[in-house]
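What follows is each chain in one-letter form.
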Amino acid sequence: MWKTATIVLTGGLCYFNSLFGTLVFDDTEAILKNRDVLPSTPLINVFRNDFWGTDVSLNISHKSYRPVTILSYRLNIFLSDSVILPFHFHLTNVVLYIILCGLVYPMLKMFIKTPKWKADVPFLSTLLFTVHPVHTEVISGLVGRADLLYSILSIISLLLYERLIKNNSLILFITIYLLIAVAVLCKETAIMALGLCSVYDVFQTKFAQNKFNAKFIYRNLGLMAAGITILYFRFWIMNFEGPIFAKNDNPAAFADHILTRILTYNYIYFLNVLLLIWPQWLCFDWSMGCIPLIDNLCDTRILSLVYDTSSTTNALALSLTILPFVPASNIFFKVGFVIAERALLLPSAGYCLLIVLGIKKLQNRFYIKEHIWYRCFYLTCAIFAIRTIQRNFEWLNEETLFKSALDVCPRNAKVHYNIAKIAADSNNKQMALYEYRKAIELNPEYEQAMNNLANLLREGKRFEEAEILLRKALKIRPNFAAAWMNLGIVLTNLNRSKEAEECYLKAIHFRNKYPDCYYNLGNLYLDMDRVNEALKAWEKAVHYKPTHTAAWSNTLVLLDSLQLYENALELGKIALMYNPRSPALHFSIANTLGKLQQFDKAEKHFLEAINFSPQNALYHSNLGVLYHRWGKLDMAREMYKKALQLDSRMKTTEQNLKKLLYAQQNTTQ
């Protein structure tokens, strides 16, 4: 009991600081930008879409079908009153990891067949597993929830399978089948749990009976049938199409020569092992030049590919290390990454068992005193725990996470790209420009970096440079919808309206449901005095994104200017249903009501706008105008003064205040 308590306490202490992290890197796409995690989204969408919220049957889908993981995110948000609270997400991940560590212990105990080693080898192996720094990506990164869930369910299945071997039961087999099926709905890698069960069955049956009987054959045929049905469903749900990965995601998979692929893959396997042995070099992303291809036999890295094949350590531990890693190995199909630390979660349990078994054998062979190797082992665990806590601090926010990657992968263009995004969001334009240019220097075909750099140049009124970059990005990726839209914005600023319209329509062609593009197209039509087309474009924008307040606001202002007041008010009611806290919408509606002399209703909306945006001088000024026309001169005077206090450059407000004071003075006289 104290051993389990020690494992639980150690896991909690190692990841306590991760509770205070934010949503970083892939968490943004999987949670913040994914409407499927919201309780308000129809539940059926969770089972239609991939992990990132795209219809899984489409060829643009990532094909990572993980509805159970998405449901766990929805539960987090539901229990937080429909608010995304990072603390709740991180707490769930830490609790799941503690549960996983608690399950690893009986699983490893099940693997040990030598009685004298059963006492401490499983515990020490689990302790090493618990503190291993390679797990930080899984726990501190919220998308690691998929790995945690599938690992937990896989281990439970394996523990139940041991009972099945001892006591053949159809109900138990169906339970195992359903658990693995649900695990696959957490993450595809869980299919390898069937292989683990089969391998365990082979060694357990051979160990116990030294022969394979009919029950053994039936069990393994059942596992095979289970695997076929699960795989068939998995391929059916993704329309029997594989994901389409970019060359930069996994350069080795796209290498022309088979020798280059073989050598590079083997070097990547070596690096994965190295991360398990000494996890000093941890990085959130290993793509884009982080690991150059081995394309000639003179490359010194080939020396690392000489393996020792004389090991006779426990085959079960080796199976646990290898089998869960197979889907990430590029052996059967391409994957969308070079190295993924999260792929080492379950394999690391087998590795930790191998390490402890190896130490035990060395101790017996060289007669090392027990207290010496225990001290060395616990010192290693302490070092790993400190590294884990340190790495958790790097995962607390995107800035520290991305900067930490520079020490590991300084030639990774994506690292520089992400640092540039952070710098741009922090209004550090110079650093953003430098880092985007560095990313393009490292990867001359990095079209996303070109697109973002062009946006920065556009904001700096450097439209010609921005146009050149965007056209280059589109030459690399002709279906890049965002680049077409941004080129349209640049051409609009260069007064090339016809070309800009063509670019917007191209963007919509490649991404039909593109509210921002419809919004910009509407603005262009307004500039071209094509008001009906502008209204239709904005209507499309709010249809695809009802929370697009800028499109709603422009529509209301245009209807107001066309004196279509009733239409504006009707649309205003719909807009507020989706955006009840939008000051711009309340302000537009208030202006329209004021023109209709519905002063009391207009006042309410002006006050709502000011409540949501109290520092907006224009809102106070226009409320002053309303009071002025309404005859509430004292209140008008206070609003004018407040507006000028917020912005002293408002000449019209200043003139209105002077007129009001002059009129009040004459009335007094």
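Residues numbered from 1 in each chain as written. Predicted model: local features only at pLDDT ≥ 70, side-chain atom pairs only at ≥ 80, totals over all residues. Heavy atoms only, no water.

Peer 1: How do you make sense of the overall build of the protein chain when you look at a structure like this?
Peer 2: When helices and strands are counted, the protein chain shows 32 helices and 0 strands. Taken along the three principal axes of its C-alpha coordinates, the protein chain extends 110 × 55 × 50 Å. Split into buried and exposed, the 669 residues of the protein chain put 51% on the buried side. When the accessible surface of the protein chain is totalled, it reaches about 32,800 Å², and 60% of it is carbon and sulfur. If the 69 positive side-chain charges of the protein chain are averaged to one point and the 53 negative ones to another, these points end up 7 Å apart. (Helix = DSSP H or I, 4+ residues; strand = E, 2+ residues; numbered from the N terminus. Buried < 20%, exposed > 50% of the residue type's maximum accessible area, 1.4 Å probe, protein only. Areas by Shrake-Rupley, 256 points an atom, 1.4 Å probe, with all protein chains shown as cover. Lys, Arg positive; Asp, Glu negative; His and termini not counted. Charge placed at Lys NZ, Arg CZ, Asp CG, Glu CD.)

Peer 1: Is there a simple way to think about unusual backbone geometry in this case?
Peer 2: Negative phi characterises most residues that are not glycine, and trans characterises most peptide bonds. Backbone geometry at Lys 461 places phi at a positive 65°, although glycine is not the residue there. Relative to the helices and strands, Lys 461 resides in the loop between helix H20 (447-459) and helix H21 (463-476). Residue classification places Lys 461 among the exposed residues on the basis of a relative accessible area of 61%. Of note, the phi angle at Gln 597 is positive, near 60°, even though the residue is not glycine. Turning to its location among the elements, Gln 597 is positioned in the loop between helix H28 (583-595) and helix H29 (599-612). Owing to a relative accessible area of 55%, Gln 597 belongs among the exposed residues under this scheme.

Peer 1: In this structure, what is going on with helix H19 (residues 429-442)? I would like to understand it.
Peer 2: Residues spaced three or four apart along an α-helix face the same direction, because each turn holds 3.6 residues. In this model, H19 (14 residues) spans 20 Å end to end at C-alpha, consistent with the 20 Å of a helix rising 1.5 Å per residue. Looking at the buried positions of H19, the neighbouring elements they touch are helix H18 (413-425) and H20. (Expected span 1.5 Å × (residues − 1). Contact = heavy atoms within 4.5 Å.)

Peer 1: Can you help me understand the packing of aromatic side chains in this one?
Peer 2: Remark: the centre distance and the inter-plane angle together describe each pair of aromatic rings, the angle taken between the planes. Scanning the model with the defined rule gives 25 aromatic pairs in all. Here the aromatic rings of Phe 51 and Trp 52 are separated by 5.0 Å at their centres, their planes lie at 75°, and the arrangement is edge-to-face. Since its relative accessible area comes to 25%, Trp 52 is described here as partly exposed. Following the ring pairs from residue to residue traces out a cluster consisting of Phe 51, Trp 52, Tyr 73 and Phe 89. (Phe/Tyr/Trp six-rings, centres within 6.5 Å; stacked < 30°, edge-to-face > 60°.)

Peer 1: When you look at the packing of helix H22 (residues 481-493) against helix H24 (residues 515-527) in this model, what are you seeing that I'm missing?
Peer 2: Each packed pair of helices is defined by two parameters, the angle between the axes and the distance between the axes. Look at H22 against H24: their axes get within 10 Å of each other, and the N-to-C directions meet at 20°. The orientation of H22 with respect to H24, classified from their angle, is roughly parallel. Crossing geometry of H22 relative to H24 is assigned as left-handed. On the side of H22, the interface is formed by Met 485, Ile 489 and Thr 492, while H24 contributes Asp 516, Cys 517, Asn 520, Leu 524 and Asp 527. Of the residues assigned to the contact of H22 with H24, the class counts are 4 nonpolar, 2 polar and 2 charged. (Axes fitted to C-alpha atoms, helices over the stretch in contact; angles between N-to-C directions. Parallel < 35°, antiparallel > 145°, perpendicular 65-115°, else oblique. Left-handed = near helix turned anticlockwise from the far one by under 90°. Nonpolar A, V, L, I, M, F, W, Y, C, P; charged D, E, K, R; others polar.)

Peer 1: What's the story with the confidence of the model for the protein chain in this structure? I'm lost.
Peer 2: Close inspection of predicted coordinates is inappropriate in any region flagged by low pLDDT. For the protein chain, the mean per-residue pLDDT works out to 88, and 92% of the residues sit at or above 70. In this model, residues 307-313 is a region of pLDDT below 50 whose contacts with residues beyond four sequence positions or in other chains number 6 contacts. (pLDDT = per-residue confidence, 0-100.)

Peer 1: How should I be thinking about the environment of Phe 78 in this particular structure?
Peer 2: Along the chain, Phe 78 turns up in helix H4 (residues 67-78). Along the backbone, Phe 78 and Val 37 are 41 residues apart, and their C-alpha atoms lie at a distance of 9.3 Å.

Peer 1: What exactly am I supposed to notice about the pattern of salt bridges here?
Peer 2: Should the charged atoms of two oppositely charged side chains come close, the side chains can pair. Counted under the stated rule, the structure contains 28 salt bridges. Of the charged contacts in the structure, one is a salt bridge between Asp 285 and Lys 414, with a shortest N-O distance of 3.4 Å. Here Lys 414 lies in helix H18 and Asp 285 lies in the loop between helix H13 (258-277) and helix H14 (315-322), a separation of 129 residues in the sequence. Both residues of the pair, Asp 285 and Lys 414, belong to the buried class. Linking Glu 467 and Arg 496 is a salt bridge whose minimum nitrogen-to-oxygen distance equals 3.0 Å. Highlighted residues: Glu 467 in helix H21 and Arg 496 in the loop between H22 and helix H23 (497-510), separated in sequence by 29 residues. You can call Glu 467 buried: its relative accessible area is 12%. (Salt bridge = Lys/Arg side-chain N within 4 Å of Asp/Glu carboxyl O.)

Peer 1: How should a nonpolar patch on the surface be read in this particular structure?
Peer 2: Side chains of Phe 16, Phe 20, Phe 87, Leu 91, Val 95 and Ile 99 sit close together on the surface and give an oily, nonpolar patch of about 550 Å² of accessible area. Within the secondary structure layout, Ile 99 lies in helix H5 (residues 86-111). Residue classification places Ile 99 among the partly exposed residues on the basis of a relative accessible area of 40%. (Patch = residues over 30% accessible without salt bridge, like charges linked within 9 Å, V, L, I, M, F, W, Y side chains within 5 Å.)

Peer 1: Honestly, the nonpolar core in this entry has me stumped. Any pointers?
Peer 2: One recurring pattern in soluble globular proteins is that nonpolar side chains are buried together. The biggest cluster of nonpolar side chains holds 104 residues, and the ones touching the most others in it are Tyr 97, Leu 100, Met 107, Phe 111, Phe 129 and Phe 284. Among the elements that make up this core, the one with the highest residue count is H5 (13 residues). Excluding residues that lie within four positions of it along the chain, Leu 100 makes contacts with Phe 129, Leu 148, Ser 151, Ile 152, Ile 155 and Leu 345. If you look at the next biggest cluster of nonpolar residues, it comprises 83 residues, including Ala 449, Phe 480, Cys 503 and Tyr 519. (Core = buried A, V, L, I, M, F, W, Y, C linked by side-chain atoms within 4.5 Å.)

Peer 1: I would appreciate a short explanation of the side chain of Lys 63 in the present structure.
Peer 2: Summarising the element assignment, Lys 63 is placed in the loop between helix H3 (44-48) and H4. Polar side-chain contacts of Lys 63 include one of 3.3 Å to the backbone oxygen of Met 238. Discounting residues that sit within four places of it in the chain, Lys 63 has contacts with Asp 50, Val 56, Ser 57, Leu 58, Glu 188, Arg 234, Met 238, Glu 241, Gly 242 and Pro 243. (Polar contact = N/O pair within 3.5 Å; in protein donor to acceptor, adjacent residues only side chain to side chain.)

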